[in-house]
Amino acid sequence: MTAFGPITGDPLDRNRFPIDEWALVETRFEPSDLGVTETLFAVGNGYLGLRGNYEEARDAYADGTFVNGFHETWPIHHAEEAFGLARVGQTMVNAPDPKIIRLYIDDEPLELSTADLLDYQRVLDFRTGVLSRDLVWRTTSGKRVRVRSRRMTSFTERHLGVMQLEVTLLEGNAAVQLSSQLVNRQDRDVRSEQVEPAQGTIADPRKAEQFGRRVLQPQYKDLDEDAGRIALGYQTVDSGMTIGVVVDHHLDSPVPYRTEGRVEDDQGKLIYQIRAEEGHTIRLTKLVSVHTATRVPARELIDRCERTLDRANEDGVEAQFEAQREWLDAFWERSDVELPRQPDLQQATRWNLFALTQATARADGLGIPAKGVSAAGYGGHYFWDAEIYAMPFSTYTTPNATRNALRFRYSLLPAARRRAVDLSQKGALFPWRTINGNEASAYYAAGTAQYHIDADIAYAVSQYVGATGDLDFLVREGVDILVETARLWADIGFWRQENGSSSFHIHGVTGPDEYTTVVNDNLYTNVLARFNLRRAADAVTEVRESQPDAYDEVVRRTGLREEEIAEWREAAAGMHVPYDAKVGIHPQDSRFLDREMWDLEHTSADVRPLLLHHHPLVIYRFQVLKQADVVLAQFLQSEEFTTQEKRADFEYYDPITTGDSSLSAVVQSIIAAEVGYHELALQYFYEAAFVDLADRHANAADGVHVASTGGVWSALVCGFGGFRDHGAGRWHFDPRLPAGWDELSFRLTMRGTRIRVTVTSDALTAIVEDGEGEVTFSVRDTEVTAAPGRPVEVPLDGQGARIEGRPPNPAGTLRADGTVISATVPGR
């Protein structure tokens, strides 16, 4: 089985990773996939992330500590210059690393790759939010030593991390030495040697850019040996961002010990030497605080770190672990998805949801990086992934996290307005990939041309307001986003007269499918732009009618003119949505069906993903998809398409969708379930659930696929649970439970009231778990209302159509002109 081959069952080695529905457990050290397990066992809170490196810091693929938004800039050099191309790149910086605690027994270092390990277990507990490790090591002299560790990044204290290492001599006396370090790895990189690209391939664009120069300029260093406190402060060379990191140490030892320390520009170190006896347990606790800023001196950030640590010390270490458990108890109470008698998928689902919240929970006014804070893959950039794949989960479980993320987008609105001017457009054009608000995509065809990001952000704004009723956010910030994005669509689009009727068109854009670029009338773009235009018109009308004073402020902030509202409604009503009556599908764009088809069935897995093995021009000439495009539009705008249209489109596009993007499987699962391909829906769900756990795309070492983790929730809730948000508080359920599943339960918070929805083969029930309000929704053709103390149960007549297998390849289809769509493999 290749990384891109289909899977229909549990792909993990259950001897090494035994099933635990509330934890990821590893029972064997394995050096061959260090990068993957560093990602899987990472801990983070949305702001601060610590990769799952071992404390000894000797066996590692990429040691890393990452802070959301902390980045360096660099000039983008284009081989061919042109006006408006992105000029300044942005890359997440590897922050000073506090995880290191080197252990020596009688001067013999613990190195897992060579150590004689009698026992080993590593556990990432989803309920406590703690990464722990427990091993027994037999030294070369025959002494047995138990080593235990705990690590977490706090959900309650955004800037705090906690680490503990406990050493117990089980057999024999020994000299124990602990070397605790804080290291600037960005400029003193000690990661393992990286593998160069194979002959004829390219460097993977999914990885972060590497700097060939110093990035962090030392601004502050200090060591208080008596207090056990190390502090380092830096400023990035070009972006000018600052960071302060302070680490406190507390050693519990049954016998006296000696301490020595030193601090340099790029390293602080405290060394503890203990003459321990059999039965003695030594515990070293490290509390770390990290603060970053765009304009604050590093010395001031050090002060903030010290205040954070002083509070944590006052409360005590155990109080931090207890607060973490309490936070997660509340999280799972409102967010858990339960799959009874599906233990492998239950574990995978909870890992994905936990990874998602580690990427989003405490972003607090920052964006959601594509890899969260688990690594620097994709340079730590924010994409459309956040709004379409990650935010639906938080909108319906932890809405404040979505609010914060959308307020961050609002803070980028001035830069988006400037970017629109660069592209000769009115309104605002949000950057395709960014950290600081400026476009960082050097390849415009698959980057800047994806104008649909404007509509994606507008969609997230609308979904959040509809789910929460947060009119304050809409009036003060959200409506400005809707206005400026609608302006862009009204400006870039144009009217065309044909056969006595007028239609509105959008040319020269790229949709979600990055294997088809700079096209006319991309269906996804047009359908979501239509939504954007309608929602903007409705929003300003609602504000004008309900809050005239607030409307006046909107006019003042945006320069809104009354005639624009009518223009938006007219453009939406006239939006061209491609449809080919002969083939019987919605073409992905106006010329999509003119191309021949890439024969994926006979394409070797060795040349996947295609983008790493074929020139873009080769890919662009064919009908072949990197990820769902039309199918995604039909999920997000479900009510705009009939079931028959969805099925026809799914059957055409599914065989030519490569799945080279981790974003694809979840959407294919959702629509496969809706139209009846129940076996295929479950297969795609397996592929999505194990994207990182089984390293399905061979790049989990570069960080968690955050969008895919959010998509796992959508596949369960919207695919098998059949949930659809039709906007403005109109919610609908049409479940599609897989054959063999007894039950599926999930939670949704709607207008402040949380309901628990349970789907079985013959009924859907909803019960209010929290809140005083009522929630009205429809189940197929029945409208019901759940209220406190008044659960509802709606009988289900089956789970929809059941179509076996998967759609046949559409090669051989006749075009409208009578020609045949052929399928080939380029280069063969």
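The rules behind these values
- Every chain begins its residue count from 1, and numbering advances along the sequence as written.
- Totals for whole chains, interfaces and linings use all residues, but because this is a predicted model, local features are given only for residues with pLDDT of at least 70 and pairs of side-chain atoms are given and counted only at 80 or more.
- Side-chain metrics rest on all non-hydrogen atoms present in the structure, leaving aside hydrogens and water.
- Think of it this way: any DSSP run of H or I at least four residues long counts as a helix, any run of E at least two long counts as a strand, and we number them from the N terminus.
- In this setup the radius of gyration rests on C-alpha atoms only. A globule is expected at 2.2 Å times the number of residues raised to 0.38.
- Partly exposed describes any residue whose relative accessible area lies between the buried limit of under 20% and the exposed limit of over 50%, with all areas from a 1.4 Å probe on protein chains only and scaled to the type maximum.
- The contact rule is simple, with two residues in contact once any of their heavy atoms fall within 4.5 Å.
- Note that accessible areas follow from Shrake-Rupley with a 1.4 Å probe, and for residues the cover is restricted to the protein chains shown.
- Charge assignment in this entry is limited to Lys and Arg as positive and Asp and Glu as negative, and neither His nor the chain termini are counted.
- Charged groups are reduced to one reference atom each: NZ for lysine, CZ for arginine, CG for aspartic acid, CD for glutamic acid.
- Definition of nonpolar core: a set of buried residues of the types Ala, Val, Leu, Ile, Met, Phe, Trp, Tyr and Cys, connected through side-chain atoms within 4.5 Å.
- Here the axes come from fitting lines to C-alpha atoms, over the contacting stretch only for helices, and the angles between their N-to-C directions go from 0 to 180 degrees.
- The labels follow the angle: roughly parallel below 35 degrees, roughly antiparallel above 145, roughly perpendicular from 65 to 115, and oblique for the rest.
- Crossing chirality is assigned from the near helix's rotation relative to the far helix, an anticlockwise turn below a right angle marking it left-handed and a clockwise turn marking it right-handed.
- Under the scheme applied here, ten amino acids are nonpolar (Ala, Val, Leu, Ile, Met, Phe, Trp, Tyr, Cys and Pro), four are charged (Asp, Glu, Lys and Arg), and all others, including Gly, are polar.
- Here, a salt bridge means any Lys or Arg side-chain nitrogen found within 4 Å of an Asp or Glu carboxyl oxygen.
- A patch is a set of surface residues, each over 30% in relative accessible area and not in a salt bridge, joined within 9 Å for like charges and within 5 Å for the nonpolar side chains Val, Leu, Ile, Met, Phe, Trp and Tyr.
- Any helix carries an expected span of 1.5 Å times its number of residues minus one.
- What the arc covers is the set of directions going from the helix axis to the C-beta atoms.
- When DSSP finds at least two bridges between two strands, those strands are taken to pair.
- When the centres of two rings from Phe, Tyr and Trp lie within 6.5 Å, Trp using its six-membered ring, the rings pair. Their planes under 30 degrees apart give stacked, over 60 give edge-to-face, and anything left gives tilted.
- Within 3.5 Å is the distance limit for a polar contact, defined as a pair of N or O atoms, with the added protein rule that one can donate a hydrogen and the other accept it, and that residues adjacent in sequence qualify only through two side-chain atoms.
- In this analysis the local bend is the angle between axes fitted, respectively, to the seven residues ending at and the seven residues starting at the residue.
- The predictor attaches a confidence to each residue, and that confidence, scored 0 to 100, is pLDDT.

### Overview of the overall build of the chain
In step 1: Secondary structure assignment for the chain yields 18 helices and 31 strands.
In step 2: Rg of the C-alpha trace for the chain: 27 Å, near the compact-globule value of 28 Å for 828 residues, within the 12% margin.
In step 3: Expressed as lengths along the three principal axes of its C-alpha atoms, the size of the chain is roughly 90 × 65 × 55 Å.
In step 4: Put simply, the chain has 828 residues, and 63% of those count as buried.
In step 5: Counting contacts in the chain only where the partners sit at least 6 residues apart, residues at least 24 apart contribute 69% of the total.
In step 6: Only carbon and sulfur atoms are counted for the fraction: they give 46% of the accessible area of the chain, which is about 29,800 Å².
In step 7: Separation of charge centres in the chain, based on 86 positive and 124 negative side chains, amounts to 2 Å.

### Details of the nonpolar core
In step 1: Judged by nonpolar contacts, the single largest core of 174 residues is most densely connected at Trp384, Trp568, Tyr652, Phe733, Leu748 and Phe777.
In step 2: The next biggest cluster of nonpolar side chains, apart from the first, holds 47 residues, and it includes Ala95, Trp137, Leu165 and Val290.

### Let's talk about the packing of helix H3 (residues 317-335) against helix H4 (residues 343-360)
In step 1: Interaxial distance between H3 and H4 falls to 12 Å at its minimum, and their mutual angle equals 120°. In terms of axis orientation, H3 runs oblique to H4. H4 is crossed by H3, and the crossing has right-handed handedness. Here Trp327, Leu328, Phe331, Trp332 and Ser335 of H3 lie close against H4, whose contacting residues are Arg350, Leu353, Phe354 and Thr357.
In step 2: Split by residue class, the contact of H3 with H4 holds six nonpolar, two polar and one charged.

### Quick look at the pattern of salt bridges
In step 1: Following the criterion strictly, the structure yields 73 salt bridges and no others.
In step 2: In the salt-bridge network here, residues are joined through shared partners; they are Asp134, Arg146, Arg148, Glu166, Asp252 and Arg283.

### As for a negative patch on the surface
In step 1: A cluster of acidic residues, Asp222, Asp224, Glu225, Asp226 and Glu260, forms a negative patch on the protein surface.
In step 2: If you trace the backbone, Asp226 turns up in the loop between strand S13 (216-224) and strand S14 (229-236).

### Re H3
In step 1: Taking 1.5 Å as the rise per residue, H3 with 19 residues should run 27 Å; its terminal C-alpha atoms sit 27 Å apart, in good agreement.
In step 2: Regarding H3, the residues found buried are Val317, Gln320, Phe321, Ala323, Gln324, Trp327, Leu328, Phe331, Trp332, Arg334 and Ser335. Across the axial projection of H3, the buried residues extend over an arc of 165°, all falling on one side.

### Things to note about the environment of Ala665
In step 1: Here Ala665 lies in helix H16 (residues 664-675).
In step 2: Here the alpha-carbon distance between Ala665 and Ala715, two residues 50 residues apart in the chain, equals 9.0 Å.
In step 3: Excluding its chain neighbours within four sequence positions, the residues that come into contact with Ala665 are Tyr684, Glu687 and Ala688.

### Structural notes on the sheet that holds strand S12 (residues 174-183)
In step 1: The sheet built from five strands is open, its strands ordered S7-S6-S12-S17-S16 with antiparallel pairing. The sheet is open, and its two borders are formed by strand S7 (108-109) and strand S16 (257-264), each paired with just one other strand.
In step 2: In this structure, S12 lies alongside strand S17 (residues 267-276), joined through ten bridges in antiparallel fashion. Bridge pairing in S17 places Ala175 opposite Arg275.

### Some words on the packing of helix H5 (residues 385-397) against helix H18 (residues 706-720)
Relative orientation and spacing of two packed helices are given, respectively, by the angle between their axes and the distance between those axes.
In step 1: Their axes nearest at 8 Å, the elements H5 and H18 cross at an angle of 50°. As the angle between them shows, H5 and H18 are arranged oblique. Considering the relative orientation of H5 and H18, their crossing is left-handed. Residues Asp385, Tyr389, Ala390, Pro392, Phe393 and Tyr396 of H5 touch H18, and the partners they reach there are Ala707, Gly710, Gly711, Trp713 and Ser714.
In step 2: Residue classes in the contact of H5 with H18 are distributed as seven nonpolar, three polar and one charged.

### Side note on the pairing of strand S1 (residues 23-26)
The two faces of the sheet receive side chains in turn, since in a regular strand these alternate between them.
In step 1: Where burial is concerned, the two faces of S1 agree: the one with Ala23 and Val25 and the one with Leu24 and Glu26 are both buried.
In step 2: Looking at chain direction, S1 and strand S8 (residues 116-125) are connected through four bridges and run antiparallel. When the bridges of S8 are listed, Leu24 appears paired with Leu124.

### Let's talk about the packing of aromatic side chains
Two descriptors summarise a pair of aromatic rings, namely the distance from one centre to the other and the angle between the planes of the rings.
In step 1: Taken as a whole and assessed by the stated rule, the structure comprises 30 aromatic pairs.
In step 2: Relative to Tyr54, the ring of Phe29 lies with its centre 5.6 Å away and its plane at 65°, an arrangement referred to as edge-to-face. Of this pair, Phe29 sits in the loop between S1 and helix H1 (34-40) while Tyr54 sits in the loop between strand S3 (48-50) and strand S4 (65-75), and the two are 25 residues apart along the sequence.
In step 3: When its relative accessible area of 12% is taken as the criterion, Phe29 is described as buried.
In step 4: Both rings, one in Phe685 and one in Trp741, keep their centres 6.4 Å apart while their planes meet at 80°; by these two values the pair is edge-to-face.

### Let's talk about the sheet that holds S3
In step 1: Across the sheet, which stays open at both edges, the four strands sit in the order S2-S3-S4-S5 with antiparallel pairing between neighbours. Edge strands, defined here as strands with exactly one partner in the open sheet, are strand S2 (43-44) and strand S5 (88-94).
In step 2: Two strands pair when backbone bridges link them, and S2 and S3 are joined in this way by two bridges, in the antiparallel orientation. Its bridge partner being in S3, Val43 is matched across the sheet by Leu50.

### Some remarks on the side chain of Asp660
In step 1: When you line up the elements, Asp660 lands in the loop between helix H15 (643-653) and H16.
In step 2: Polar contacts involving the side chain of Asp660 include one to the side chain of Arg608, which spans 2.9 Å.

### Side note on the environment of Arg362
In step 1: Here Arg362 is to be found in the loop between H4 and H5.
In step 2: Expressed as a C-alpha distance, the spacing of Arg362 and Val483, which sit 121 residues apart in the sequence, is 28 Å.
In step 3: If we skip the residues at most four places from it in the chain, Arg362 touches Asn45, Gly46, Tyr47, Phe155, Thr156, Glu157 and Arg158.

### So, H18
Residues spaced three or four apart along an α-helix face the same direction, because each turn holds 3.6 residues.
In step 1: Given a rise of 1.5 Å per residue, 15 residues ought to cover 21 Å, and the 21 Å separating the end C-alpha atoms of H18 matches this to within 8%.
In step 2: A bend of about 30° at Ser714 is the largest found in H18.
In step 3: Burial runs high along H18: 15 of the 15 residues are buried.
In step 4: In the segment just after H18, Gly722 is the residue with positive phi, at about 70°.

### Quick notes on the confidence of the model for the chain
In step 1: Overall, the prediction assigns the chain a mean pLDDT of 95, with 97% of residues at 70 or greater.
In step 2: With pLDDT under 50 throughout, residues 190-201 is counted as low confidence; its partners more than four residues away or in other chains account for 13 contacts.

### Looking at unusual backbone geometry
Trans is the common state for peptide bonds, and a negative phi is the common state for residues other than glycine.
In step 1: With an omega dihedral of -5°, the bond running from Arg608 to Pro609 counts as a cis peptide bond.
In step 2: Looking at where Pro609 falls in the secondary structure, it is placed in the loop between strand S21 (596-598) and helix H13 (616-620).
In step 3: The phi torsion at Asp106 lies on the positive side, around 50°, for a residue other than glycine.
In step 4: Checked against the element boundaries, Asp106 lands in the loop between strand S6 (101-105) and S7.
In step 5: On the basis of relative accessibility, which here comes to 34%, the residue Asp106 falls in the partly exposed class.
In step 6: Positive phi values are uncommon outside glycine, yet Arg341 reaches one of about 60°.
In step 7: Its place among the elements puts Arg341 in the loop between H3 and H4.
In step 8: When its relative accessible area of 58% is taken as the criterion, Arg341 is described as exposed.

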